[in-house]
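Observations on the three-dimensional arrangement
Single-letter residue listing:
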Amino acid sequence: MRIRRGFVLAAAVLTSALVVVGCARDTGTTQPAGGGGTNAGACARNSAPPAPAGGAASAAPAQPNADASGLKVGVAFDIGGRGDASFNDAAGAGLDRAISQLGLAKANTKELTAGPNESEDAAATRLRQLVSDGYNPIIAVGFKYATALKTVATESPNTKFAIVDDSSVDLPNVTPLVFAEEQGSFLVGVAAALKTQTCKIGFVGGVEQPLIQKFQAGYVQGAKAVAPNIQVDVDYLTPAGDFTGFSDPAKGQVVATGQLDSGADVIYHAAGASGQGVFQAVKAAGKSAIGVDSDQYNIPGLADVKDVIITSMLKRVDVAVFDYLNAAAAGNLSTLPKTFDLKVDGVGYATSGGKVDDIAAQLDAYKAAIISGAIKVGTAPTS
Amino acid sequence: MSAAPQSDPRRPRIPTWVRVVSVVAAGVVILSVTATLTGQYQLTSRGTTQAAVLLLLPILFAGLGGLWSERAGVINIGLEGMMILGTWGAAWAGYQWGPWAAVLGGIVLGALGGLLHAVATVTFNVNHIVSGVAITLLGMGVTKYLSTLLFEPISQNPRQSPRVEAFNTFSVQPVADSLASVESQQRVLLSDVAGLLGGLLSGLTPLVIIGFALVPISYLVLWRTRFGLRLRSCGENPVAAESLGVKVVTYKYVGVVISGALAGLGGAALTLNPGQLGYLEGQTGGRGYIGLAAMIFGNWRPGGLLAGSALFGYVDGVQLRAGGEAVHGLLYGATILAVGLAVVWVARRRWRAALIAAVAGAVVYGVYYSIDTVPREFAAYAPQLVTLLVLAVASQRLRPPAAIGLEYRRGEGD
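Residues numbered from 1 in each chain as written. Chains lettered and ligands numbered in written order. Predicted model: local features only at pLDDT ≥ 70, side-chain atom pairs only at ≥ 80, totals over all residues.

Considering the overall build of chain B
Per the secondary structure count, chain B includes 17 helices and zero strands. Whereas a compact globule of 414 residues would reach a radius of gyration of roughly 22 Å, chain B reaches 22 Å, a difference of no more than 12%. When its C-alpha atoms are laid out on the principal axes, chain B stretches across 60 × 55 × 40 Å. Classification of the 414 residues of chain B by burial places 53% in the buried group. Sequence-distant contacts, at least 24 apart, represent 77% of the contacts inside chain B between residues at least 6 apart. (Helix = DSSP H or I, 4+ residues; strand = E, 2+ residues; numbered from the N terminus. Rg over C-alpha atoms; globule rule 2.2 N^0.38 Å. Buried ≥ 20, exposed ≤ 12 C-beta atoms within 10 Å, placed from the backbone. Contact = placed C-beta atoms within 7 Å.)

Some remarks on the overall build of chain A
Regarding its fold elements, chain A presents ten helices and twelve strands. Residues classed as buried in chain A amount to 52% of the 383 residues present. Look at the contacts in chain A between residues 6 or more apart in sequence, and 70% of them connect residues 24 or more apart.

A closer look at the domain arrangement of chain A
Residue and element names in this part refer to chain A. Domain boundaries assigned for chain A yield domain 1 (73-179) and domain 2 (181-315 + 353-372). Put simply, the middle of domain 1 and the middle of domain 2, counted by C-alpha atoms, are 29 Å apart. On the domain 2 side, the residues contacting the seven residues of domain 1 number eight residues. Here the side of domain 1 that touches domain 2 is built from residues that sort into five nonpolar, one polar and one charged. (Domains from an automatic or database assignment. Nonpolar A, V, L, I, M, F, W, Y, C, P; charged D, E, K, R; others polar.)

With respect to the packing of helix α9 (residues 206-224) of chain B against helix α14 (residues 302-347) of chain B
All names here are of chain B. Relative orientation of the contacting elements α9 and α14 amounts to 155°, with a least axis distance of 9 Å. Taken together, the axes of α9 and α14 are roughly antiparallel relative to one another. Along the contact surface, α9 presents V215, S218 and Y219, while α14 presents P302, G303 and L306. Along the lines of polarity and charge, the residues of the contact of α9 with α14 split into four nonpolar, two polar and no charged. (Axes fitted to C-alpha atoms, helices over the stretch in contact; angles between N-to-C directions. Parallel < 35°, antiparallel > 145°, perpendicular 65-115°, else oblique.)

Section: the sheet that holds strand β6 (residues 200-208) of chain A
All names here are of chain A. Taking strand neighbours across the sheet as the criterion, the six strands line up as β7-β6-β8-β9-β10-β12 in an open arrangement whose pairing is mixed. The strands lining the two open edges of the sheet, one partner per strand, are β7 (231-239) and β12 (347-349). Pairs of neighbouring strands in the sheet enclose a mean axial angle of 15°, with direction left out of account. With five bridges connecting them, β6 and strand β8 (residues 266-270) associate as parallel partners. The partner of G202 across the bridge, within β8, is I267. The strands that helix α5 (residues 181-195) touches are β6, β8, β9 (288-293), β10 (309-315) and β12; relative to β10, the one it contacts most, it runs at about 165°. (Pairing = 2+ DSSP bridges.)

Here's what the structure looks like:
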């Protein structure tokens, strides 16, 4: 009895399934992987802005080198320290340049490095140690030091501090070294929009937080400035507070593959080490990628994917650290720019590999327009 | 896979394979209907399935590792640490001798972590949680030290290994291609099945095969052999097992070392992931713990933990590939599921369960109706939320091994 009922049921299910299977969806064949949702034919591109009159685009004059031989410089690195091929290394390079060009004695410098997932207390202890050893100025690399720095800088008002990537500490003896990432991102957005064949590009952010949203905002604005109807796929690997998004290439690969499958052909990542996954996905698909922070075309670890990296958004932490030490040696911190932007070469784009040489004129025109103020780049995503 | 021995004696017991097949079929139908009605075709696309397989693999290995250890009565919260050791071992062996060496390297280093855990918990009766946490911390520290020592001279980066050659991917041809052509026709149900199946049959690596094969193998070894019965008896009642002549300590050692080896294999899977250049500090990102959660979700059984890790992998894949809109579409699917369950339970006259399911369905549909997209903050944690929900509903029926985490000394039953 039961068995017969089972047969009836199975027959009913199969019949209805066959009926349903017969129907095609309205969207027809355009949907799945590859080429879906692109509008290659309609990718109108604006011409580059005219060069501003009077040659206002020239960079601000550099300060003359001061004598730093009397300084004792302490540097507190972020997680990873020297050798991370990213911004700690860049800060280290700035310090090295100060040693070789400003007469800073290597013996008078001290470098300490943060551990992963350490407490605020450990960061504060590290800064206090530098203070009590008589280091002045002290450079904290990374916004993670903000809270600790606020405490320590209040305790030691006679020591000068600088903090990279954070402007939340408002004390007279703390100099924020912040960058106009959105301006550099604008330029690589321009490059992406000029290079895309499908009129669809992608952005992969590591962690969805205001700092990374600056990259996104500039990139999208730059792309739309060139091609108003371009589509930009924006994805983040993890939400705010979950920093694994900066060290998870597996997720980077999945997200980038998703963007490539939906038709994007240039992908910009601001995802730290997760960017490896983005590069691998892009290489597998034979498309183009844009690196971040340093000139990723020349990073040894990325040598086998470098042929897909058309350019990188440069964030010159080394310039900021050097300029800060130079200003500190001269005893006049007021000469430092409020933000390290395109004008002072604090951000920019890389030309290694020669993949953007053909559009260099347009990129430079946009760069000049940003420097002259003709184009204002927003720091928060608009949508 | 869940055997429900307490089921109603008046009903003839439905064979397990029929239940598994019907659950899978119901899932596919729900996904298909959802994809069709919400227009979120990414839910059943080949790319999503591939992403899900890639993401579930390390979790599956970690979960299997947890299974072997916990069935022998040892809580293994050190899976994360063994996995980290595995990523390092895989990268170290892999960059010198290729992908198969990487697999072996991951297994060996993971097994060493397991051995340490066994020495601490079985021989010295250290609290299992304490030892597990210590091994996780140790794994992080040791790999950091070793990679600074051995990787930095080559990769110029103490946090990263040189490039490890990955496995070539392959597809089951000609099935994969014909499935792809069916998928592109976008026929209701047929294309969804083709997409889901196509993802499982293309872009494969040997590790995927090993991972899926280890699920039935674990089941057969643990439940269908004398060795497995003895190992499980150590997790249920070691004193009774000992009185029957089982060498409890040996079995526990074997269980925990295999557990570490499987976790290490999970680490190797992560290192050999197609998107990866090799070892990277912090790349496990808590996947060992998620594997443990998947195992608990699966009621300490291989099939169940496969379902748990598939759930994590799939929801994570959908979320990463297609974003909040697709997870929003999944809410629609959850509504269908809840209504379906309510109908089933009404038919079985389980009024309370039916009422709860109906209310839950209504709530989920309300959420679906009132928002356009699931905020990214929620979408990223969708797998965790789903697991929490399932555990909350199903925890009454979960049954861990009876003597898990308990101290055992040889001869204490005398």
